[in-house]
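Chains, contacts and geometry: an overview
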Amino acid sequence: MPQQNPKFLEKKWQERWANAGSFTASQDKSKPKYYVLEMFPYPSGRIHMGHVRNYTLGDVLARFYRAKGYNVLHPMGWDAFGLPAENAAIERGEHPARWTKQNITSMRNQLKSMGLSYDWDREFATCEPSYYQHEQLMFLKFLEKGLAYRKESWVNWDPEENTVLANEQVVDGRGWRSGAVVERRRLSQWFLKITKYADDLLASIDKLDKWPDRVRLMQHNWIGKSEGARVKFKLIEPLGATDATPRGHIEVFTTRPDTLFGASFIAVAANHPLATAFADTNKEAANFIAECAKLGTSEAAVETAEKRGFDTGLSVEHPLLHGKELPVHIANFVLMEYGTGAIFGCPAHDQRDLDFANAYNLPVTPVVLPTDKDASNFTITDEAYTGPGKLINSGDWNGLDIEAGKQAAIEALEAIGAGNRETTFRLRDWGVSRQRYWGCPIPIIYCDDCGTVPVPAADLPVTLPEDVDFSTPGNPLASHPTWKHTTCPCCGKAAIREQDTFDTFFESSWYFLRFADPKSIHGFSRKEAEYWMPIDQYIGGVEHAVLHLLYSRFFTRALSEVDYLDLAEPFAGLMTQGMVCHQTFQDKNGRWLFPSEVRQEGKSWRNIETGDNVTAGRIEKMSKSKRNVVDPEIIIESYGADTARLFMLSDSPPERDMEWTESGVEGASRFLKRVHRMANDSSLPAIGTPQPTHGDGIELIRSAHKAIYNLSKDIEGFRFNRAVAQLHTLANAITDTKSTSPTVSAARRFAIETLVQLISPLAPHIAEEMWEVLGHRTMLCDSKWPKADESLIADNIVEVGIQVNGKLRDTISLTRDCPKQEAEDAALASPTILRYLENQTPKRVIVVPNRIINVVV
RNA sequence: GCGGGCGUGGCGGAAUUGGUAGACGCGCUGGUUUUAGGUACCAGUGGCGAAAGUCGUGGGGGUUCAAGUCCCUCCGCCCGCACCA
C-alpha cells in the first residue's frame, strides 16, 4: 500500500477543487440557499488554533449542506483596518497597507492549506477603497436620515492608543485592547443613532431562537431597558441665597415611582451640573467631588461597600406631600451616565439608599408592606424590602399593589406637571470617530462659511494618503501636510477635511452583505442581498456577543431605512465556539515554555534542550503570553489538515472549551490512516457492485445506514463530537466483519463507500483520495449526500432490561414492538428474575416497549 | 450583589429528554507481529469483591414502579453584568 503523504495528497485535492471551481456559489436561485459565515479575521499574519477551530466548524456545515443539495454561500475575507498595522508602521517603519497586504497573502495561504470550501472569488479586504467607499456613502445616507450626527461629548480616551473608545470598548475603566486606564476628554465626535432602534433591538432578541441563550441575555442586559418616571423636584430657595445658589428643579429618574411617599432624600452624581455649580462656591464640596473622581471606576470593587455623600444643605419640595422637604446630597453611588444623574432615595425599598440613609441618619419610611407582615409593627433596619406587597403610608395609594401604585404615581405626577412616564436605556449612541490613520476616512468637510458639509457622493471615495509619517505622535492624518486641505463643495473656498476615521466595527457591520454581491458598484445589490440573507449560520467567538453582533443588527436596520434592503436581523443562526486551550509549562525560574520545548517522561516533564524539570501548570486558553500555543502550520505540515480538522471536532462540543493535546492529534491521525487502509483493500469487489439486501452482509449494511442517519442528525445539531463517534462506530463495524463471502464483501464495499462519504465534510482531502481509490471518476465533493434507509435502522431484535423493584437484574432479547403481555411473560420466565422474586407474586409489572420491564414486588 | 451555566471513570465526553449510566475516543494493562522501539492487530479496562454480588453521575433530602435527568437544600467551579435608580 502506498504510504500517502498528507501534504502531497492535500495539495492535490486543493488544486483540483480550485481548478474545478467546486465551491463557487451558484447563480441558480431555484435551489434552497444556505449562507454559512465564520467571523472574518483580522490579518495579523498567521492563523492560530482559534481560527482553525472556527473555520473547521463552518466548513463542515458548508460541505454538508452543499452535498445535501443546497446552494451554499461560504465566503472569506479580511477585516483589514485596525491598530496593529499602525503599530507595525511605528515599530518597523513598514507602511500599514503593505504590512496588511503581506499578512493577507500569508494568511490566505495558510487558510488554503486547510482545505476550506470557500468561494475565494468573493474575497475582499475592508481596507480597499472599493470596499470602504460604500460605507462612506452609507454614512452620508445615514446623515441625511438623522441616523448619524455630530456632537461634543465626553469621551473615553485611551492614552496608549491615542484614540477614543466606545463605552463598549472600555472594560473596568481600561481600554479593551491596550489595557491602559481610560481618561475622560471632551471632543466633537460622530455618532450613529443606535438608540433609535433600542426597543426593536431588544424586542427582536426573542425571535433569535437559533442564538445561544447567554448571548441573547448579554444583549438584553446591554440594552438595559428600564421603565419608570421622570420626576421634577423644585429646589427651595434657602435663606441668604446668593446669585450662585442653584435654582429651579432637580430631575430624577426612577423605576419605582410607587415609592415616592417613602422618599427621604435626593442624591445627585458628583459630576452632576448642580454638584459642579455648588462646588464653585464650596470648597468642601469640591474636595468631596474630587475624591469621588479619584476613586473612579477602577477600584469600584473595593469601594462598593461604602456609600458616601455630601450634604449640600439645599432641599427640595416633595411634589405630592405638601410641606415635606427633602435634603439634597451629592453621593458617590449615583452615576451621571445613567438616567438623569440624580435619584430620590427611598431607603426602605432600595439597599443602596438604605445604606446611605443609615450612614447619614436619614429617615426610613416603609411604603410597601409584604403580604405576610403587619403594618403596625413593620420596620426596616438593615435590609431593604424589594419584594411584592401593598402600598402603605402613601395617602390615596394605600392598598394598591406595586404595579397599580406606579400607574397611580405617574398619573398624579403628570396631572400636576411634576413628572411623566419615561423609559431609559443603558444603551448609548455609537461613537464612531477614531483618531487613527488606518481606518475608513469619514467623508466630511468643514468649511468656515458653510459649516459641516458632506463630501458629495460623486467625489467618493475619500481615500487615505499613502505618504504618511508615523514618527510624530497622534493622528497621522491630522499631521499630514496637504491631505486635509481641500475646497468646500458648497462655496468652493478652502476647507478642511474631517481627519478622524471610522471605528473598525463599522466595516464588520456590513461585510456579510458585501459577500452576497462582492463586485457590485453599489456595495451590494438588493436582489443578491435579499436572496442570500439572512445568514443561516454565523460562527465565531463569544467575545463579540455584544459589540459586533449588536452593531450589525443595528446596521441592517439602518440600511433598510435608507433603502439598501429590507431586513432587520442579519444572523438567523449563531454559534459561539469555545476556546482552544492547552496545558501551560514553566521552568524553575517561572519562565513560560512552549509545548514544543518540553517532553513528557513518565509523570514528569522535562525541557528537551536542558533536561531540566518543568512544572506542568493549568490548562488555559492558548495565549502568546503563556506560550501554551501550538502553531497550526506545524500541525498541518506534520499531520495534515484533515487530522487537525478531525481532532478539532472530535472530543468537545463546539460551544465548549477544548483542550489541544498531542495524543488527541495522534488519535485523529491514526483513525484517518486506518480508514485509508480500508479503502485500499484490494479484495473489495468492483465499483458498482450492488449493495446486498439480505444475507450475511445485512448487519453491516444496517450499520452503514445507522451511521448515515445518526451522523446527519449530529451535524444538523452541531454535535460534531458525536458525529466523529459515529464514524468510529461504523469503522469498527467494518473491521469486526471478518467474512469474505461475496455478499459480505459487497456489503463491505458499501459500508466503506458510506464511511468515506460521511468523513468528507470533516476530513475532505483524504475522503476525496479514498473515493478515487475506490474507483470513482467524479469528485466526492460533487456527489450527493447518502440517504439513510430508515427501514434498516431499527433492529428487529431489541435487548430489554428487566428490573426488580427498579434495580436491573437481567436483560432479554425481544422482537421489536412485541405485545406488552409477551414481554411481561418473557420477563417473568427469566430464571434470574424468578430467583429474585422468591416465589412472591409481582404486585405490578411495568412494560416500557423496547426499553425496560420493571417488576414490582 | 444580580443573572446564567456547569459538576458523570485516570482524562475528553455520551446517555433517544424520566426507562439497561459510562457510546466514541485518549490513557492504561496483557497478548500477537517485529532484532528492538514505534506502527498495526487482538483482548481487557467505573470502584470494591475470588465469586455471587454490591456500591456508583459534587454532598444531603424528596417525588416516582423507575432519577445523571424533576423538586428542595448545601458545596465547588466557570461566565456575563454591576452602585443601572
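Whatever comes next refers back to the structure up there.
Presented here is an overview of the structure given in this document.

Conventions used here
- Residues numbered from 1 in each chain as written.
- Chains lettered and ligands numbered in written order.
- Predicted model: local features only at pLDDT ≥ 70, side-chain atom pairs only at ≥ 80, totals over all residues.
- Heavy atoms only, no water.
- Helix = DSSP H or I, 4+ residues; strand = E, 2+ residues; numbered from the N terminus.
- Buried < 20%, exposed > 50% of the residue type's maximum accessible area, 1.4 Å probe, protein only.
- Areas by Shrake-Rupley, 256 points an atom, 1.4 Å probe, with all protein chains shown as cover.
- Lys, Arg positive; Asp, Glu negative; His and termini not counted.
- Charge placed at Lys NZ, Arg CZ, Asp CG, Glu CD.
- Pairing = 2+ DSSP bridges.
- Axes fitted to C-alpha atoms, helices over the stretch in contact; angles between N-to-C directions.
- Phe/Tyr/Trp six-rings, centres within 6.5 Å; stacked < 30°, edge-to-face > 60°.
- Lys NZ or Arg CZ within 6 Å of the ring centre and 35° of its normal.
- Near = heavy atom within 4 Å.
- Polar contact = N/O pair within 3.5 Å; in protein donor to acceptor, adjacent residues only side chain to side chain.
- Nonpolar A, V, L, I, M, F, W, Y, C, P; charged D, E, K, R; others polar.
- Expected span 1.5 Å × (residues − 1).
- Right-handed = clockwise from strand over helix to strand, strands pointing away.
- Contact = heavy atoms within 4.5 Å.
- Salt bridge = Lys/Arg side-chain N within 4 Å of Asp/Glu carboxyl O.

Considerations on the overall build of chain A
When helices and strands are counted, chain A shows 26 helices and 35 strands. The dimensions of chain A, computed from C-alpha atoms along their principal axes, are 110 × 90 × 65 Å. Out of the 857 residues in chain A, the part that is buried amounts to 52%. Carbon and sulfur atoms form 50% of the exposed surface of chain A, whose accessible area is close to 39,400 Å². Both charge centroids of chain A, one from 97 positive and one from 112 negative side chains, sit 4 Å from each other.

With respect to the sheet that holds strand E13 (residues 342–345)
Spatially, E11-E12-E10-E13 is the arrangement adopted by the four strands of the open sheet, whose pairing is mixed. This sheet does not close on itself; its edge strands, each paired only once, are strand E11 (309–317) and E13. Within the sheet, the average angular offset between the axes of one strand and its neighbour, ignoring direction, is 30 degrees. Pairing geometry for E11 and strand E12 (residues 325–331), over six bridges, is antiparallel. Considered in E12, the bridge of Glu-317 is made with Glu-325.

Observations regarding the packing of aromatic side chains
Per the counting criterion, the structure on display carries 46 aromatic pairs. Chaining the aromatic ring pairs together yields one cluster made of Phe-40, Phe-124, Tyr-131, Trp-510, Tyr-511, Phe-512, Phe-515, Phe-524, Tyr-538, Tyr-564 and Phe-571. Sitting above the plane of the Trp-17 ring, Arg-63 keeps its charged end 4.4 Å from the centroid.

So, the protein's contact with RNA strand B
Around RNA strand B, the surrounding shell holds 52 residues, and the nearest of these are Thr-255, Arg-352, Arg-670, Arg-722 and Glu-799. Counting only the atoms of RNA strand B within 4 Å of the protein, the fraction contributed by sugar and phosphate is 64%. Here a sugar or linking oxygen of RNA strand B and a backbone polar atom of Phe-333 are 2.7 Å apart. Take Arg-851: an N or O atom from its side chain is 2.4 Å from a base nitrogen of RNA strand B. In terms of residue count, helix H22 (residues 720–736) provides more of the surface near RNA strand B than any other element does, seven residues in total. Here the residues of the surface near RNA strand B sort into 17 nonpolar, 16 polar and 19 charged.

Some remarks on helix H23 (residues 742–759)
When the terminal C-alpha atoms of H23 are compared, their 26 Å separation across 18 residues agrees well with the 26 Å that a helix rising 1.5 Å per residue should span. Most of H23 is tucked away, with 16 of its 18 residues classed as buried.

Focus on the sheet that holds strand E4 (residues 163–165)
Pairing in this open sheet of four strands is antiparallel, and the strands run E4-E3-E7-E17 from one edge to the other. With partners counted over all chains shown, the strands left at the sheet margins are E4 and strand E17 (430–431), one partner each. Relative to E4, strand E3 (residues 148–158) runs antiparallel, the two sharing three bridges. If you follow Asp-158 over to E4, its bridge partner there is Thr-163.

As for the pairing of strand E25 (residues 574–577)
Side chains Leu-574 and Thr-576 of E25 all project onto a buried face; the interleaved residues Met-575 and Gln-577 project onto the opposite face, where all are buried too. Where strand E24 (residues 537–541) meets E25, four bridges bridge the pair, whose relative direction is parallel. Bridging from a neighbouring strand, Ile-539 pairs with Met-575 of E25. With helix H17 (residues 547–561) bridging E24 and the parallel E25, this β-α-β connection has right-handed handedness.

Examining the side chain of Glu-528
Positionally, Glu-528 belongs in helix H16 (residues 526–532). According to the relative accessible area criterion, Glu-528 is buried, its value standing at 9%. Once residues within four sequence positions are removed from consideration, Glu-528 is found in contact with Gln-27, Lys-29, Ala-516 and Asp-517.

Points about the environment of Cys-781
Here Cys-781 is to be found in the loop between helix H24 (764–773) and strand E32 (797–804). The spatial distance from the C-alpha of Cys-781 to the C-alpha of Ala-767 is 9.2 Å, given a sequence separation of 14 residues. Setting aside chain neighbours within four positions, we find Cys-781 in contact with Trp-17, Ser-22, Phe-23, Arg-66 and Glu-768.

What to know about unusual backbone geometry
With the exception of glycine, the majority of residues adopt a negative phi angle, and the majority of peptide bonds are in the trans configuration. Between Leu-460 and Pro-461 the backbone carries a cis peptide bond, its omega angle lying at 0 degrees. Relative to the helices and strands, Pro-461 is located in the loop between strand E20 (451–454) and helix H13 (476–479). Of note, the amide linkage connecting Met-533 to Pro-534 takes the cis form, showing an omega dihedral of -5 degrees. One can find Pro-534 in the loop between H16 and E24. Within the chain, Asp-817 stands out as a residue other than glycine whose phi angle is a positive 55 degrees. Structurally, Asp-817 is set in the loop between strand E33 (807–815) and helix H25 (820–829). Judged by its relative accessible area of 54%, Asp-817 is exposed.

Details of the side chain of Ser-745
With respect to the helices, strands and loops of the structure, Ser-745 is situated in helix H23. The buried category is assigned to Ser-745, whose relative accessible area is 11%. Setting aside anything within four residues of it in sequence, one finds Ser-745 in contact with Leu-684, Pro-685 and Thr-740.

A look at the pattern of salt bridges
Across all of its chains, the model carries 45 salt bridges by this definition. Notably, a salt bridge pairs Asp-782 with Arg-66, separated by 3.6 Å at the nearest N-O pair. Of this pair, Asp-782 sits in the loop between H24 and E32 while Arg-66 is found in helix H2 (residues 49–67), placing the two residues 716 residues apart along the sequence. Given the relative accessible area of 26%, Arg-66 is considered partly exposed. Note that Arg-98 is salt-bridged to Glu-94, the shortest N-O span being 3.2 Å. Beyond isolated ion pairs, a larger network of salt bridges with shared partners links Lys-12, Arg-16, Glu-769 and Glu-772.

Concerning H2
Quick reminder: α-helices carry 3.6 residues per turn. Residues three or four places apart thus point the same way. For H2, with 19 residues, the first-to-last C-alpha span of 27 Å sits near the 27 Å given by 1.5 Å per residue. In terms of residue burial, H2 counts as a mostly covered element, since 17 of its 19 residues are buried. One or two positions beyond H2, positive phi appears at Gly-69, with a value near 100 degrees.

What about the environment of Ala-723?
By the secondary structure assignment, Ala-723 is in helix H22. Along the backbone, Ala-723 and Thr-381 are 342 residues apart, and their C-alpha atoms lie at a distance of 59 Å. If near-sequence neighbours (up to four positions away) are discounted, Ala-723 is found in contact with Leu-711, Asp-714 and Ile-715.

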